Amino acid sequence: MLDFELTDDMIALRDMARRFAADEIGPHARKWDQTGEISSDAISKMAKLGFLGTLVPSDLDGAELGYLGNAIVIEEVARHCGGTALMLAAHNGLCLGHILHAASEEQKRQFIPPLARGEMLGAWCLTEPGSGSDAAALKTRAVLKGDEWVLNGAKMFITNGHTAGVFVVLARTSDESKSRGISAFIVERNRPGLSTGPKEDKMGMRASDTVPVTLDEVRVPKANLCGQLNNGFIDTLKVLERGRIGIGALSVGLARGALEESLSYAKQREQFGKPLTGHQTLQFMMADMAMEIDAARLLVRKAAWLQDRGEGTEVESATAKLFASEMATRACLNGIQICGGYGYMKELPIERLMRDAKLCEIGEGSSQVQRMIIARSLLQLDKG
Ligand SMILES: Cc1cc2nc3c(=O)[nH]c(=O)nc-3n(C[C@H](O)[C@H](O)[C@H](O)COP(=O)(O)OP(=O)(O)OC[C@H]3O[C@@H](n4cnc5c(N)ncnc54)[C@H](O)[C@@H]3O)c2cc1C
């Protein structure tokens, strides 16, 4: 059976998220882009709606929306503000995603409810100054001393790091294997030795904070090991496989923003005696944008639907993220073109959406990394 219909619950979720994003995010997005901060009032409102616990089961205080529901929420939020959607994607998909996937039942009961209720944000620390795409080359080290793990190292580009209450940190625990010598640790913000640097001055996604994180002799109880010893990178691949569906949805939301904003502008702007929408060249640009948005959303929803059925989606997630993110940049650039000089100005939101969109081709694995995943599967190459 092939069924493209959303359930009544998912339609209600989409409509609610759409109204909320239009009323509570859109009007502030430009300011948040300028100040580099999402208002705490908006975060509280999103928490009340379950947006901070989209993937978490209800018995752990989550909204239990599944990957499809998560994708729907992220698309609607990203339609107005990529940075706010990235904050949600990192919190839900990466930090909570890792804990949900790998933590013990006891750890889940301890750490998940406050995150899912939005009482604090979560961050996920994989990238380092010297390791990005080659993430398994990370150098942060965890050594067991008595009943405690002692962590030392530096993390880079950590979303939500400025405010997060909980960090999932990937660290080397064995030198015997590159990828099978890494473990994950849950590190609370108040652990002595954990510090964060100043917010990065970014091109886009400016509402979301991105900071370096330093771990200097940070001690956590033995019980804060998240998942099996030396299995942290294998868990990381699963977390990213799922997280990338969120980045795909974020890209679809940004592209939709570019289309809707440029369409509304083009209807009221007249040149050569008729509205811009009367010029076929621009009509065709908008038709291409609509076609690509639809295709990207279908790829995102297919990957989300498969995850909700408990299936693996390494290739489907990579395909969705790759197509959607590159499509979003194209759509935003075309949206600016349709609006001409006004599209280049900050009064219209499309230039911000374009700056936000570029990140989707880089974060959670660049476009090149997604092509490597797809090609590896196609050619049945060893993961190496
Ligand atoms: C705004 C923002 C938020 C982020 N949030 C987080 C976060 O919350 N947590 C976290 O852990 N990380 C985060 N990151 C890091 C992000 O995941 C990395 O930036 C990304 O994986 C790319 O790594 P890199 O920047 O080190 O680039 P590099 O790995 O140095 O790559 C540079 C270029 O080389 C290409 N390249 C690399 N290897 C190959 C190859 N084998 N073949 C072909 N091309 C290749 C890449 O595609 C890229 O184009 C964030 C980054 C940004 C910018």
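Residues numbered from 1 in each chain as written. Predicted model: local features only at pLDDT ≥ 70, side-chain atom pairs only at ≥ 80, totals over all residues. Heavy atoms only, no water.

**So, the domain arrangement of the protein chain**
Consideration 1: We note that the domain assignment places domain 1 (8-116), domain 2 (122-230) and domain 3 (233-379) within the protein chain.
Consideration 2: Between the C-alpha centres of domain 1 and domain 2 there is a distance of 22 Å.
Consideration 3: Taken together, the contact between domain 1 and domain 2 spans 23 residues of the former and 21 residues of the latter.
Consideration 4: Counting the surface lost from both domain 1 and domain 2, the interface buries some 1800 Å², and carbon and sulfur atoms represent 66% of this.
Consideration 5: Our count for the domain 1 to domain 2 interface comes out at 0 salt bridges.
Consideration 6: At the surface where domain 1 touches domain 2, the tally comes to 8 residue pairs in polar contact (both at pLDDT 80 or more).
Consideration 7: Mapped onto the side of domain 1 that touches domain 2, the elements with two or more residues apiece are helix H1 (8-35), helix H4 (82-102) and helix H5 (105-116).
Consideration 8: Residues that form the side of domain 1 that touches domain 2 fall into these classes: 13 nonpolar, 8 polar and 2 charged. (Domains from an automatic or database assignment. Contact = heavy atoms within 4.5 Å. Buried area = accessible area lost by both parts, 1.4 Å probe. Salt bridge = Lys/Arg side-chain N within 4 Å of Asp/Glu carboxyl O. Polar contact = N/O pair within 3.5 Å; in protein donor to acceptor, adjacent residues only side chain to side chain. Helix = DSSP H or I, 4+ residues; strand = E, 2+ residues; numbered from the N terminus. Nonpolar A, V, L, I, M, F, W, Y, C, P; charged D, E, K, R; others polar.)

**Considerations on the packing of helix H7 (residues 280-308) against helix H8 (residues 314-343)**
Consideration 1: At a minimum axis distance of 9 Å, the contact between H7 and H8 shows a crossing angle of 155°. As the angle between them shows, H7 and H8 are arranged roughly antiparallel. Here H7 runs over H8; the crossing is left-handed.
Consideration 2: Looking at side-chain class alone, the contact of H7 with H8 contains 17 nonpolar, 5 polar and 4 charged residues. (Axes fitted to C-alpha atoms, helices over the stretch in contact; angles between N-to-C directions. Parallel < 35°, antiparallel > 145°, perpendicular 65-115°, else oblique. Left-handed = near helix turned anticlockwise from the far one by under 90°.)

**Here we look at the site of the ligand**
Consideration 1: Close contacts around the ligand come from 17 residues, with Thr127, Ser133, Phe157, Ser366 and Gln368 the closest.
Consideration 2: Interatomic distance of 2.9 Å between a backbone N/O atom of Leu126 and an oxygen atom of the ligand.
Consideration 3: Thr159 is positioned with one of its side-chain polar atoms (N or O) 2.7 Å from a nitrogen atom of the ligand.
Consideration 4: The protein chains hide 63% of the 970 Å² of surface that the ligand would expose on its own.
Consideration 5: According to the grid-proximity analysis, the pocket containing the ligand is the largest pocket.
Consideration 6: Secondary structure elements with two or more residues in the shell around the ligand: strand S1 (122-125), strand S3 (148-159) and helix H10 (367-379).
Consideration 7: Per-element tally for the shell around the ligand: the top contributor is S3, with 3 residues.
Consideration 8: Among the residues forming the shell around the ligand, the class breakdown is 8 nonpolar, 7 polar and 2 charged.
Consideration 9: Looking at the shell around the ligand, you find at least three residues from each of domain 2 (122-230) and domain 3 (233-379). (Near = heavy atom within 4 Å. Areas by Shrake-Rupley, 256 points an atom, 1.4 Å probe, with all protein chains shown as cover. 1 Å grid on protein atoms, 1.4 Å probe; cavity = no way out; pocket = protein on both sides within 12 Å on 5 of 7 lines; lining within 4 Å. Sits in = over half its atoms within 2 Å of the grid points.)

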